[in-house]
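# A look at the structure
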Amino acid sequence: GFLSMFEVAVEQVFASAHALRNYKGRCENIHGHNWKVQVVIQGERLDGTGLLVDFIDVKNLMAGIIDRIDHQFLNEIPPFDVVNPSAENIAEYFCQKMIEGLQGTPVPVKVTEVKIWETDIQSATYRP
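Here's a quick rundown of the structure. (Residues numbered from 1 in each chain as written. Predicted model: local features only at pLDDT ≥ 70, side-chain atom pairs only at ≥ 80, totals over all residues. Heavy atoms only, no water.)

## Regarding the overall build of the protein
What counts, and what does not: Each helix corresponds to a stretch of at least 4 residues labelled H or I by DSSP, and each strand to a stretch of at least 2 residues labelled E; elements are numbered beginning at the N terminus. Buried means the residue's accessible area, taken with a 1.4 Å probe over protein chains only, is under 20% of the maximum for its type, while exposed means over 50%, and partly exposed covers the values in between. Every residue pair with non-hydrogen atoms within 4.5 Å of one another is taken to be in contact. For the area figures, the Shrake-Rupley method with a 1.4 Å probe applies, and any residue is considered shielded solely by the protein chains shown. Charged-residue counts in this description rest on Lys and Arg as positive and Asp and Glu as negative, His and the chain ends being excluded. Just so you know, the charge point we use is NZ for Lys, CZ for Arg, CG for Asp and CD for Glu.
Helix and strand counts for the protein come out as two helices and four strands. The helix and strand sequence of the protein, counted from the amino end, reads β-β-α-α-β-β. Each of the 128 residues in the protein was classed as buried or not, and the buried ones make up 38%. For the protein, the proportion of contacts with a sequence separation of at least 24, taken over those separated by at least 6, is 68%. For the protein, the exposed surface amounts to about 7,600 Å²; the carbon and sulfur share of it is 50%. Separation of charge centres in the protein, based on 11 positive and 17 negative side chains, amounts to 4 Å.

## Some details on the nonpolar core
Defined as follows: Only buried residues count toward a nonpolar core. Its members are Ala, Val, Leu, Ile, Met, Phe, Trp, Tyr and Cys residues joined through side-chain atoms within 4.5 Å.
Within the largest apolar cluster, 29 residues are counted, with the highest numbers of intra-cluster contacts made by Val37, Val39, Ile41, Phe94, Met98 and Val114. Every element with two or more residues in this core is listed here: β1 (6–18), β2 (31–43), α1 (55–69), α2 (87–101) and β3 (110–119). With seven residues, α2 is the single largest residue contributor to this core. Those residues within four positions of Phe94 in sequence are excluded, and the remaining contacts are Val37, Val39, Met62, Ile65, Ile66, Ile69 and Val114.

## Examining the pattern of salt bridges
The cut-off we apply is this: When a carboxyl oxygen of Asp or Glu is within 4 Å of a side-chain nitrogen of Lys or Arg, the pair counts as a salt bridge.
Under the definition given, this model contains four salt bridges. Note that Glu11 and Lys36 form a salt bridge whose closest N and O atoms lie 3.4 Å from each other. Here Glu11 is found in strand β1, whereas its partner Lys36 is found in strand β2, with 25 residues between them in sequence. Since its relative accessible area comes to 38%, Glu11 is described here as partly exposed. Judged by its relative accessible area of 28%, Lys36 falls in the partly exposed class.

## Let's talk about the sheet that holds β2
What holds strands together in a sheet is hydrogen bonding between their backbones, with the strands either parallel or antiparallel. Put simply, the test is: A strand pair is defined by DSSP finding two or more bridges across the two strands. Only the stretch in contact is used when fitting a helix axis, every axis being a line fitted to C-alpha atoms; angles between N-to-C directions are given from 0 to 180 degrees.
Strand order across the open sheet formed by four strands is β1-β2-β3-β4, with antiparallel pairing between neighbours. The open sheet has two edge strands, β1 and β4 (122–126), and neither has a second partner. Strand-to-strand, the axes of this sheet are offset by a mean angle of 20 degrees, without reference to chain direction. Pairing of β3 with β4, which is carried by five bridges, proceeds in the antiparallel orientation. Paired with Ile116 across the strands is Ala124, a residue of β4. α1 contacts β1 and β2 of the sheet and is inclined by roughly 20 degrees relative to β1. Across the face of the sheet, α2 comes into contact with β1, β2, β3 and β4 while running at roughly 145 degrees to β3.

Just distances and angles here, no functional claims.
Now the structure itself:
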């Protein structure tokens with residue numbers, strides 16, 4: 001049968017600018033977004049407190065990642081000095097950093113998706 005699964009999701013916002021390389025059109029010029037990021041975490045069992053992960057821990061991890069990219073020109077910050085700072089690549093970067101940060105949680109969890117909204121109506125999702 002199906003394994004039961006718990007899932008939590010946390011959203012945060014940040015503002016940063018980017019310019020898409022090898023792109024023909026206005027987005028190759030520097031422009032900014034108020035980005036929103038959502039991290040989805042799943043696991044099969046809860047810790048002794050009845051939590052999959054502590055929301056505060058997730059928010060702190062996200063804040064640490066955002067700290068590096070908030071109010072910045074992404075093209076100047078590794079890995080985006082080499083990797084194009086597209087919403088798709090930002091989602092993958094965020095996911096990798098969250099996976100690193102969530103190692104050693106009280107119960108095993110996995111990041112199942114990271115979604116990045118560039119605007120209210122445009123988003124990109126990365127699933128590891």
